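# Architecture and fold: a report
Here is how the chains run, residue by residue.
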Amino acid sequence: MINGKMKKVSPSMDEWLKEAKADPTALKVGMFLVHNGVVRQTPKAKVRQGLDDGSLVKGMEFAYDAAKVDAAIAQTYKMEGIFYIKVWLNEGRLELGDDIMYVLIGGDIRPHVVDALQFLVEKIKSECVTEIEQKQ
């Protein structure tokens, strides 16, 4: 466990969407897009760079910096056509198949929402989190 944190219970996307559609900004939104990152067995180095050391992931230690996540969300809200953002990040010792993160973005048109989701998930993964794969 990183900092003694236990993994969290994943949120309900039905509840998130219900909440988002009740938000005052909902009348401006033409699309909601959800990202759900999960712990996979294939190591990041193999998937991203094609480096295969023969190992498999058996779990992950995961932590995040909440202030950096908030800053990334604030930056994303400045993108054209983006009106709603909600982020949930897990923490602690995660097992294969566990949810790492959920990101929900609502915006006016598909290209704006897709771009914002790509931007925010990349920013979170590259600047806000610590992922330590446990391999076997």
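Residues numbered from 1 in each chain as written. Predicted model: local features only at pLDDT ≥ 70, side-chain atom pairs only at ≥ 80, totals over all residues. Heavy atoms only, no water.

## A short note on the pairing of strand S5 (residues 99-107)
Remark: a regular strand shows side chains that alternate across the two faces of the sheet. With respect to burial, S5 is a largely interior element, nine of its nine residues being buried. Where strand S1 (residues 31-38) and S5 come together, eight bridges link them in antiparallel fashion. Its bridge partner lying in S5, His35 is registered against Val103. Taken together, the seven bridges between strand S3 (residues 82-89) and S5 define a ladder with antiparallel strand orientation. Looking at S5, one finds that Tyr84 is bridged to Gly106. (Buried < 20%, exposed > 50% of the residue type's maximum accessible area, 1.4 Å probe, protein only. Helix = DSSP H or I, 4+ residues; strand = E, 2+ residues; numbered from the N terminus. Pairing = 2+ DSSP bridges.)

## Overview of the environment of Leu27
Turning to its location among the elements, Leu27 is positioned in the loop between helix H1 (13-22) and S1. Leu27 sits in the exposed class, given a relative accessible area of 85%. Distance in space between the C-alpha atoms of Leu27 and Gly50 is 44 Å, their sequence separation being 23 residues.

## Remarks on H1
Regarding H1, the residues found buried are Met13, Trp16 and Ala20. Down the axis of H1, the buried side of the element spans an arc of 55 degrees, and every buried residue falls inside it. Turned more than 90 degrees away from the buried face of H1 sit Asp14, Lys18, Lys21 and Ala22, all of them exposed. Summarising the contacts, the buried residues of H1 are in contact with S1, S3 and S5. (Arc of directions from axis to C-beta. Contact = heavy atoms within 4.5 Å.)

## Let's talk about the packing of aromatic side chains
Using the criterion set out here, one finds three aromatic pairs in the structure. Between Phe32 and Tyr84 the ring centres are 6.2 Å apart and the planes differ by 85 degrees, which places this aromatic pair in the edge-to-face class. Of the two residues, Phe32 sits in strand S1 while Tyr84 sits in strand S3, which places them 52 residues apart along the sequence. When its relative accessible area of 22% is taken as the criterion, Phe32 is described as partly exposed. (Phe/Tyr/Trp six-rings, centres within 6.5 Å; stacked < 30°, edge-to-face > 60°.)

## A word on the side chain of Asp99
Within the fold, Asp99 resides in strand S5. Although Asp99 is buried, it makes no salt bridge; Lys7 carries the closest opposite charge, 9.5 Å away. Within the structure, the side chain of Asp99 is placed 3.1 Å from the side chain of Asn36, a separation counted as a polar contact. If we ignore the near neighbours within four places in the chain, the residues touching Asp99 are Ser10, Asn36, Gly37, Val38, Trp88, Asn90 and Leu94. (Lys, Arg positive; Asp, Glu negative; His and termini not counted. Salt bridge = Lys/Arg side-chain N within 4 Å of Asp/Glu carboxyl O. Polar contact = N/O pair within 3.5 Å; in protein donor to acceptor, adjacent residues only side chain to side chain.)

## Considerations on the pattern of salt bridges
Tallied over the entire structure, the rule returns eight salt bridges. Residue Glu95 is joined to Lys7 by a salt bridge in which the shortest nitrogen-to-oxygen separation is 3.7 Å. Separated by 88 residues along the polypeptide, Glu95 in strand S4 (residues 92-95) and Lys7 in the segment before H1 bring together distant segments of the chain. The partly exposed category is assigned to Glu95, whose relative accessible area is 44%. Among the ionic pairs, Glu131 bridges to Lys125, the shortest N-O distance being 3.1 Å.

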